[in-house]
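For reference, the chains in residue letters:
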Amino acid sequence: MTSSHRGAEDGNEELMGPSEQHDRRDGDAGSTHRDTPSRRPVAIVPHTHWDREWYEPFQTFRIELVRLIDDLLDLLERDPSYRSFLLDGQLAVVDDYLRIRPEHEPRLRALAASGRITIGPWYILMDEFLVSGETIVRNLQAGLRRGAAFGGAMEVGYLPDMFGHVAQMPQILSQAGMDHAVVWRGVPSTVDSTAFRWIAPDGSSVRAEYLVSGYGNGASLPDDAKRLLRRIDSLVEEAGPFLGPGEPLLVLNGTDHQHPQPWLGRVVCEANGMQQQVELAITSLPEYLAGRASDGLRSWTGELRSGWRANLLMGVASNRVDVKQAAARAERSLERRAEPLAALFLPSDAWPERFLDEAWSLLIVNAAHDSICACSADEVVDAVLHRYAEARQIGDGLAAQARRAIAASMADPGTTVVNPTASPRTGMVEVVVPVTDPPGPDIQVVSEQAGSPGTLTVRAPALFSLLGVIQGDRIDDDTYITDAELSEDPTGITLRVELGPQPRVTTVVEEVRRELTTRLLARPDSDVRITIEQPAMRRILARQAEVAGYGWAPFAPAVLQRPVQVRVSDAPDRTVSMSNGLLSVTFDAADGTFSVNGLPGYARLVDGGDHGDTYNYSPPLEDREVTSPEEVEITAGDLGPVRGTVTVRARYLWPERIDDGRSARVGSSPVDVTTEVTLLADESILRIHTWFDNPCRDHRLRVHLPLPHPADHSMAECAFTAVERGLDGEGRPDEYPTPTFPSRRFVCAGGLTVVHDGVVEYELVDRESASERAVARTLALTLLRSTGMLSRLGMRNRPLSAGPLLPLEGPQLIGRIDARYALCLDGTDPFRVAEAVLDPLSPVPSFGGGWRPSHGSALAITGAEVSSVRRQAGALEVRAFNPSEHPTTVEVGDRTGWHVDLRGRPLSPFTGSFELRAQGITTLRFDETI
């Protein structure tokens, strides 16, 4: 990203600045006057800010990175006055370089070990709001682990260009043993010095160095001592309100992709010898911070999301929603399925460490702010999506492998239901079963397939073709070859095939296939009699009885207490409604919205213009907002009793694009939007799935969701907590404080909880005054933001650019748009709602014959939220957090172990249970391996 101060050099005028005006008779021109107490220390930290991929793809930037580090190594080795260089606080640049220059690793190691090159602590400089808390932690751990190979990573939480900072960052840094953070964006107006005490919700804190003028305040320093001193004077003046008398000035000599300036050591020495007002020193960031005071600082608790002095660029949360959705699904695949299932249900020696390391490396490099924010060239975003797809594929594949292990371990045959979360739960499951008796009142039939016993005779050539089509034992999603038998007589070959609804772990099918091929080659003109044995099959829905946390239980349909009923009235308007005793939903045929428990207006789509860019939403001068469809069709789908669905098909006329010259929406394009609303029995959650093909450009589409009660704040999940936010943001004329905010999985306001699948941006709208305070009546969730520029000049909400003025096609998101979210209005714990929606129970068919009993739990942990279950060095490791404002008792059964920090160092033992402080995070390493 571009910093606010780009370091333009002074002109060639010969006038001296105040720091140069001294009596040269005081000493030699080269003297540094170190005994003069009045000199203001100026710490110059050479660095580069290396966006790994941004307006150019990774490989293009890497060519320049290799040249930069080549030059840097030569410079440091030949010039001891160029004391140190900060390699942007991320180890990714080291690995990217060494893949091209592996022969230079000893040089890098030597310079890093001696403190001449400062590396880490992160593996990548990530965006903090658009990735999970677990991704932030794994990123830090990867950086520290890799940094150890170079003598150790920097012990400073370097956060120079993140678009704001999460509330729990001080706790994360503290748990990694760090006492300092360095920040720029997001710092609020109440901070009036270059340092403050930054406090996490649990009370842990770090000293935060505030980069008042950004990470590039000392970019492109001149190669002339007089001009350098004038530049220092201007920096002192710029930071004046934040600097106390004689307080050191931190100058970061670098910016985006800037190469080291080889004359710096010479010019600093010359400048020190010319005056007595300042003492310049080339130093490292840790050295500078080690001498800074930590007592008596103003404090700030919680997240940093102010645009008071630097652009927050809040629009990245809704830019390229496809990337945010891909991120959410990939993280969920690893964190909520692959890792816990593999850790708990695979043997210790079968822990898929290499696969998981590969998947996490993909997630971590994608966490770079220009990558996950997708404020980058289209080629970059294509690569980001590909990496997310690969990470998800690994996660899904490992989870499937663990489920197969569960199936093979079950003693009894039948379908077992697995709970991948810590909370005991019920939930809807969909299974395929043989047709025996008529379905009971608590079961809903989705589809039914008649049995197909019989015999057919085919010639050998035709069977060869059939063998080429059928791969493995799978016929289709509901049909597998479960057994096969081959026989032969003078009249031909007989093949008996048994089909069933789930695969059987056996080699018999492949053995029969090979034997059949051999016989057909020997008798190419033979007839083959195929006997197919397949029972009638039925796909059913049922509400599963409770399954223990991280546990399993036989498929057992629960008795429905509140079945779903879907009704279509006989009135002329044929009103469609559905209810389950907890929620009553009625659909409005006029505008396609629906009411919930009598409150109307849910799922109203509001489409407006967006003349912004990938960083910021900005309305056009002439907007044409569309809030109602031209046509509506409402149809009932599933009618209950387990699941009810209603589909709304609405046709809208949206403007085609924005005319740049007029800044006005023009044209008109018909758009068919389909919304499917699902209600389940015995559940107070309404699930919504909206999809359409987007033909339009330069617009923002939001869904409006009424609040049961007016609200003056929201609570949104972020890393390891839920944060409270008011209705407004803090900004300035350079960036309008658009009060849109990100959330991880859910946001709550006014009695409404919205859980989403990667649709992260929301805003509280429809404001009014109530009892001398502003309140909102609606939550707007952004489903799509289409723009055509990486960065733009002259926007209403941000007049200056935030990056290159590069036209892009990808952010317009022409094509399929798919969004899923859910609503809950009864005050249920939002963490439980998120699990019900995003982490469903998993049915696992088994033929039995194993050792595992029919019911059980692999891990019992209650009293806290769990963000990670994995193996470390063969032992089970669990990370848990308490998002409440009160201490909680965490129960882990009869297990014992140690609390460890984020480096794996033991802190204190536990046995059976322990108290976890309010808003606390803890990592548990269990004594036993399982």
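Now for a look at the structure at hand.

Rules of the game
- Residues numbered from 1 in each chain as written.
- Predicted model: local features only at pLDDT ≥ 70, side-chain atom pairs only at ≥ 80, totals over all residues.
- Heavy atoms only, no water.
- Helix = DSSP H or I, 4+ residues; strand = E, 2+ residues; numbered from the N terminus.
- Contact = heavy atoms within 4.5 Å.
- Salt bridge = Lys/Arg side-chain N within 4 Å of Asp/Glu carboxyl O.
- Buried < 20%, exposed > 50% of the residue type's maximum accessible area, 1.4 Å probe, protein only.
- Expected span 1.5 Å × (residues − 1).
- Polar contact = N/O pair within 3.5 Å; in protein donor to acceptor, adjacent residues only side chain to side chain.
- Pairing = 2+ DSSP bridges.
- Phe/Tyr/Trp six-rings, centres within 6.5 Å; stacked < 30°, edge-to-face > 60°.

## Section: the environment of G612
Step number 1: Relative to the assigned elements, G612 resides in the loop between strand 26 (604-609) and strand 27 (631-639).
Step number 2: Along the chain, G612 and S205 lie 407 residues apart, while their C-alpha atoms are 37 Å from each other.
Step number 3: Among residues more than four places away in sequence, those in contact with G612 are S618, T787, R792 and M795.

## So, the pattern of salt bridges
Step number 1: Throughout the structure, instances matching the rule amount to 58 salt bridges.
Step number 2: Between E247 and R292 there is a salt bridge; the shortest N-O distance is 2.8 Å. One end of the pair, E247, is in the loop between helix 6 (225-238) and strand 8 (249-253); the other, R292, is in the loop between helix 8 (285-290) and strand 10 (299-301), with 45 residues separating them in the sequence.
Step number 3: Since its relative accessible area comes to 14%, R292 is described here as buried.
Step number 4: Residues R651 and D672 are paired through a salt bridge, measuring 2.7 Å at the closest nitrogen-oxygen approach. With a gap of 21 residues between them, R651 in strand 28 (residues 643-654) and D672 in strand 31 (residues 669-680) connect regions that are remote in the sequence.
Step number 5: Judged by its relative accessible area of 34%, R651 is partly exposed.
Step number 6: Among the charged side chains, a salt-bridge network with shared partners connects R336, D829, R832, E835, D839 and E865.

## Overview of helix 6
Step number 1: Here helix 6 spans 20 Å end to end across 14 residues, near enough to the 20 Å set by a 1.5 Å rise per residue.
Step number 2: Regarding helix 6, the residues found buried are A225, R227, L228, L229, R230, R231, I232, D233 and L235.
Step number 3: At its buried positions, helix 6 is contacted by strand 1 (40-46), strand 8, helix 7 (264-272) and strand 9 (278-282).
Step number 4: Where helix 6 starts, the residue carrying a side-chain oxygen 3.1 Å from the main-chain nitrogen of K226 turns out to be D224.

## Notes on the sheet that holds strand 33 (residues 699-711)
Step number 1: In space, the five strands of this open sheet follow the order 26-33-40-39-36, with antiparallel pairing throughout. Each of the sheet's edge strands pairs with one partner strand only, and the pair in question is strand 26 and strand 36 (741-742).
Step number 2: Where strand 33 lies against strand 40 (residues 773-786), nine bridges are found, and the strand directions are antiparallel. Looking at strand 40, one finds that V703 is bridged to L781.

## Section: the packing of aromatic side chains
Step number 1: Summed over the entire model, instances satisfying the criterion amount to 16 aromatic pairs.
Step number 2: Ring plane angle 75 degrees and centroid distance 5.9 Å describe the contact between Y210 and F242, whose orientation is recorded as edge-to-face. You can see Y210 sitting in strand 7 (residues 205-210) and its partner F242 sitting in the loop between helix 6 and strand 8, a full 32 residues away along the chain. For the pair Y210 and F242, a shared accessibility class is recorded, and that class is buried.
Step number 3: For the ring pair F746 and F831, a centre distance of 5.0 Å and an interplane angle of 80 degrees mean the geometry is edge-to-face. Of this pair, F746 sits in strand 37 (residues 746-749) while F831 is found in helix 15 (residues 830-838), placing the two residues 85 residues apart along the sequence. One exposure class covers both F746 and F831, and it is buried.
Step number 4: The structure contains a cluster of three or more aromatic residues connected by ring pairs, namely W50, W54, Y55 and F61.

## Considerations on the pairing of strand 17 (residues 492-500)
Along any regular strand, the residues point their side chains to alternate faces of the sheet.
Step number 1: Buried residues dominate strand 17, accounting for seven of its nine residues.
Step number 2: Bridge analysis of strand 16 (residues 479-489) against strand 17 gives nine bridges, and the strand direction is antiparallel. Residue pairing in the sheet places D489 in a bridge with G492 of strand 17.
Step number 3: In this antiparallel pair of consecutive strands, strand 16 and strand 17, the connection spans two residues.
Step number 4: In terms of strand pairing, strand 17 meets strand 18 (residues 527-533) through six bridges, oriented parallel. Looking at the pairing, I493 lines up with V528 of strand 18.

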